[in-house]
Amino acid sequence: MAIDGKTLRRSFDRSREQSPLHVVNAWASERRLVLGQRRVDSKSNEITAIPALLDSLALGNTLVTLEAMGCQKDIARHILDRRADNLLVLKVNQGNAYEVVRGYSDTHCFQRNAALRPVLDAFEDSHGRRVRRRVLVCPEAATLEALRGWPGLRTVLAAESIRSVNGSGQVETEIRYFLSSFAGDPQR
């Protein structure tokens, strides 16, 4: 289940000084189905709307994914309390935790002759570009001091995307990091 916030286009009214409507959605990605929505209060943000949305859903035995805004210890704990697992995007907004994970991954995942091997290494040719995606699972990184306070943390993942636009010679590389309480099959 993916949790994501969206601002609805053309939902504002300048004449009434009404700001656009912002909602948090729960999306069953395998079924391609919206499971629920919560309006984000105009004086708040997604962090306060996410727990209310989660409380309205049956989460047992579910893997809940959240973008960086939802990468919060309280939200991770809330998901675990509902008997589900989480997969949270770790970005710079988490400061020291992000820097430590990035350093660990650089050394153990991406340097030449690194010890860890990808659990996924796939190529895709579509939309005029070629993309290589590699996902590496780093369970030992979950024990790093900077991550000690994360509830139920079992593994850290690093996902690398290498994109080349066909015929242009231009190549872009991006590495994203994730924290997860999920201890099952890394392919999932």
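Right above here is the structure, for reference.
Engineer: Account for the overall build of the chain, with residues named and values stated.
Structural biologist: When helices and strands are tallied, the chain shows three helices and nine strands. Reading the helices (α) and strands (β) of the chain from amino to carboxyl end gives β-β-β-α-β-α-β-α-β-β-β-β. Dimensions of the chain, computed from C-alpha atoms along their principal axes, come out at roughly 60 × 45 × 35 Å. Burial analysis of the chain (188 residues in total) assigns 36% to the buried set. Here the chain displays about 11600 Å² of accessible surface, and carbon together with sulfur accounts for 46% of that area. Looking at the chain, you have 28 positive and 22 negative side-chain charges, and the mean spots of the two groups are 3 Å apart.

Engineer: Go over the pairing of strand S8 (residues 155-165) with me, naming the residues and quoting the values.
Structural biologist: Note: strand S7 (residues 129-138) against S8, ten bridges, orientation antiparallel. Paired with arginine 129 across the two strands is valine 165, which belongs to S8. By the bridge criterion, ten bridges tie S8 to strand S9 (residues 171-180) in an arrangement that is antiparallel. The residue bridging serine 161 from the neighbouring strand is glutamate 174, located in S9.

Engineer: Please give an account of the packing of aromatic side chains that cites residues and values.
Structural biologist: The full count for this structure, using the stated rule, is one aromatic pair. Note on tyrosine 98 and tyrosine 177: the rings are 5.7 Å apart at their centroids and 80 degrees apart in plane angle, and the pair reads as edge-to-face. Here tyrosine 98 is found in helix H3 (residues 96-110), whereas its partner tyrosine 177 is found in strand S9, with 79 residues between them in sequence. Neither tyrosine 98 nor tyrosine 177 differs from the other in exposure class; each is buried.

Engineer: Report on empty space enclosed by the protein, specifying residues and quantitative values.
Structural biologist: To find leftover empty space, one rolls a probe the size of a water molecule over the atoms. Taken as a whole, this structure holds one cavity of 30 Å³ or more when the rule is applied. The calculated volume of the largest cavity comes to roughly 30 Å³. Lining the largest cavity are Asn86, Leu88, Trp150, Pro151, Leu153, Leu179, Ser180 and Ser181. At the level of secondary structure, the elements contributing two or more residues to the lining of the largest cavity comprise strand S5 (85-90) and S9.

Engineer: Pulling in residues and values, what's your account of the sheet that holds S5?
Structural biologist: In space, the nine strands of this open sheet follow the order S3-S2-S1-S4-S5-S9-S8-S7-S6, with mixed pairing throughout. Unpaired on one side and paired on the other, strand S3 (33-39) and strand S6 (120-126) mark the two borders of the sheet. Adjacent strand axes in the sheet meet at a mean angle of 25 degrees when their direction is disregarded. By the bridge criterion, four bridges tie S5 to S9 in an arrangement that is antiparallel. Looking at the pairing, valine 89 lines up with phenylalanine 178 of S9. Sheet strands touched by helix H2 (residues 73-81): strand S4 (63-66) and S5. Its angle to S5, the strand with the most contacts, is close to 160 degrees.

Engineer: Please set out the pattern of salt bridges residue by residue, giving values where relevant.
Structural biologist: A complete count under the given rule lists twelve salt bridges for this structure. The shortest N-O distance in the salt bridge between glutamate 160 and arginine 134 comes to 2.7 Å. Note that glutamate 160 is positioned in strand S8 and arginine 134 in strand S7, a separation of 26 residues in sequence. When sorted by exposure, glutamate 160 lands in the same class as arginine 134, which is buried. With a shortest N-O distance of 3.6 Å, glutamate 172 and arginine 163 are connected by a salt bridge. A relative accessible area of 39% places glutamate 172 in the partly exposed class.

Reading guide: rules and limits
Residue positions are counted from 1 within each chain, in the order its sequence is given. Given that the model is predicted, a residue must reach a pLDDT of at least 70 before its local features are reported, and side-chain atom pairs must reach 80 or more before they are shown or counted; all residues, however, enter totals for whole chains, interfaces and linings. Water and hydrogen atoms were dropped before computing side-chain values, which therefore reflect all heavy atoms in the structure. Helix and strand assignments come from DSSP, with helices taken as H or I runs of at least 4 residues and strands as E runs of at least 2, each series counted from the N terminus. Residue burial is assigned from relative accessible area. The probe radius is 1.4 Å, only protein chains are included, and a residue is buried under 20% of its type maximum, exposed over 50%, and partly exposed in between. To be clear on the numbers: accessible area is Shrake-Rupley with a 1.4 Å probe, and residue cover counts the displayed protein chains and nothing else. Asp and Glu count as negative and Lys and Arg as positive, but His and the ends of the chain are not part of the count. Taken as the charge centre is NZ of Lys, CZ of Arg, CG of Asp or CD of Glu, depending on the residue. Pairing between two strands requires that DSSP report at least two bridges joining them. Whether two aromatic rings pair depends on their centres lying within 6.5 Å, for rings of Phe, Tyr and Trp, where Trp uses its six-membered ring; planes under 30 degrees apart make the pair stacked, over 60 edge-to-face, and the rest tilted. Of the grid points, spaced at 1 Å and generated over the protein atoms alone, those admitting a 1.4 Å probe that cannot get out make up cavities, while open sets with protein on both sides within 12 Å along at least five of seven lines make up pockets; any residue with an atom within 4 Å of a point is treated as lining. Grid points are joined across faces, edges and corners, and a volume is the space filled by probe spheres set on the points. Between N-to-C directions, angles cover 0 to 180 degrees, with each direction set by a line fitted to C-alpha atoms, over the stretch in contact for helices. Only heavy atoms enter the contact rule, under which two residues are in contact if any of them lie within 4.5 Å. One speaks of a salt bridge when a side-chain nitrogen belonging to Lys or Arg is within 4 Å of a carboxyl oxygen belonging to Asp or Glu.

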